[in-house]
Amino acid sequence: MSDLLQLVFSGLAQGAVYGLVALGFVAIFSVREIVNLVQGEYAALAGLTAISAVGLGVPLLVAAVVAVPIVILVAVALERLTIAPIKRMTPLLSIILTLGVSTAVKATMLLIWGPESRRLEPFPGSDFTVGGVSVRSQELWVLGTAAVLGFLVVRFYEHTLHGKALRACAEQPTAARLVGISPRTATMVAFAIAGLVGATAGVIGAPIYLASWTSGLTLGLKGFVAATLGGLVSFRVAMLGGLMLGVLENLVAGYGASGYRDAVAFVVLVLVLLIRPQGLALKTSGVRV
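Residues numbered from 1 in each chain as written. Predicted model: local features only at pLDDT ≥ 70, side-chain atom pairs only at ≥ 80, totals over all residues. Heavy atoms only, no water.

Peer 1: Which residues make up the pattern of salt bridges, and what are the values?
Peer 2: On inspection of all chains with the given rule, the structure shows 7 salt bridges. A salt bridge links Glu79 to Arg80; the nearest nitrogen and oxygen atoms lie 2.6 Å apart. On the accessibility criterion, Glu79 (1% relative accessible area) is buried. The partner of Arg167 in a salt bridge is Glu158, and the shortest N-O contact between them spans 3.8 Å. Each member of the pair, Arg167 as well as Glu158, is classed as buried. Via salt bridges that share partners, Glu158, Arg167 and Arg236 belong to a single interconnected network. (Salt bridge = Lys/Arg side-chain N within 4 Å of Asp/Glu carboxyl O. Buried < 20%, exposed > 50% of the residue type's maximum accessible area, 1.4 Å probe, protein only.)

Put into structure tokens, the structure is as follows:
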């Protein structure tokens with residue numbers, strides 16, 4: 001039982017990182033119906049930036065705080081340069097376009113940081129054991145940060161006027177323009193939010209998982225799978241999907257073979273597309289929950 005609880009707890013921490021990346025996919029798709037395949041690169045870029053800052057002598061917490069706005073600026077700049085000029089954006093076109101941007105970002109990170117993987121030093125805290133389960137302070141940082149940021153994102157999009165205005169751009173774009181909501185501005189804000197959650201995932205996950213120029217691919221794919229569980233429109237289901245995916249991966253690795261860990265996400269994706277392609281989010285009174 002202690003082994004099972006250990007795998008579940010560690011999986012929750014791992015899944016919280018996936019969940020944050022998934023929130024970025026939903027944040028953009030629910031505003032503009034764009035599938036942003038650069039989302040995982042935000043996490044990798046933030047992790048590597050924080051690691052480099054610490055290497056230059058910057059305190060850990062300061063480096064983490066500085067890395068996030070840098071990635072937000074990168075996310076907004078990429079949106080202005082690649083997404084904004086396109087007048088008629090479709091989901092398929094967005095996949096092709098952002099895939100190319102993702103490749104360019106990975107190549108840039110390879111040139112700057114090289115092929116070596118790096119690990120960020122752990123955040124302050126002490127490890128302890130409860131009921132035979134080893135609890136690392138870094139995992140508590142991950143879970144706590146994901147819970148707070150996830151709550152704030154859901155609160156903003158679903159319970160504030162500005163958040164509802166952003167979602168109106170996807171649901172009723174013509175009506176949104178008539179009442180003065182600019183889809184271009186809404187898209188830029190959505191990319192900034194996606195950069196925020198992606199960068200945060202990369203920073204808090206870097207002390208546990210190695211950061212490299214290729215780590216964004218794995219995080220992006222698994223975050224996308226978690227987002228599809230909510231049909232790319234439900235923040236709650238996307239976050240829960242990330243947690244579930246992390247737990248499933250740990251259970252498969254713990255009771256089966258570690259080599260099958262990365263296959264779990266693809267199996268889940270195939271099952272969702274076959275059984276319920278619209279996602280697992282319920283729809284009540286015209287509002288997805």
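So that's the structure; there's more coming.
Peer 1: Would you mind going over empty space enclosed by the protein in detail, with residue names and values included?
Peer 2: Here the idea is plain: a probe the size of a water molecule rolls over the atoms and shows the empty space left. Enumeration according to the criterion identifies 1 cavity of 30 Å³ or more in this entry. Its volume calculated, the largest cavity comes out at about 40 Å³. For the largest cavity, the full set of lining residues is Asn36, Val38, Tyr42, Leu78, Glu79, Thr82, Ile83, Thr98, Val101 and Phe191. Broken down by secondary-structure element, the contributors of at least two residues to the lining of the largest cavity are α3 (60-83) and α4 (91-113). At 4 residues, the largest contribution of residues to the lining of the largest cavity is made by α3. Of the residues in the lining of the largest cavity, the class split is 6 nonpolar, 3 polar and 1 charged. (1 Å grid on protein atoms, 1.4 Å probe; cavity = no way out; pocket = protein on both sides within 12 Å on 5 of 7 lines; lining within 4 Å. Points joined across faces, edges and corners; volume = space filled by probe spheres on them. Helix = DSSP H or I, 4+ residues; strand = E, 2+ residues; numbered from the N terminus. Nonpolar A, V, L, I, M, F, W, Y, C, P; charged D, E, K, R; others polar.)

Peer 1: I'd like a rundown of helix α1 (residues 2-32), residues and numbers included.
Peer 2: Counted at 1.5 Å a residue, the expected span for α1 with its 31 residues is 45 Å, and the 45 Å between its end C-alpha atoms agrees. Most of α1 is tucked away: 23 of the 31 residues are buried. At the exit of α1 stands Glu33, carrying a positive phi of roughly 55°. (Expected span 1.5 Å × (residues − 1).)

Peer 1: Describe in detail the side chain of Ser10, supporting the description with residues and values.
Peer 2: If you trace the backbone, Ser10 turns up in helix α1. Under the relative-accessibility criterion, Ser10 is labelled buried at 16%. Look past the residues within four positions of Ser10 in its chain and what remains in contact with it is Glu139 and Asn250. (Contact = heavy atoms within 4.5 Å.)

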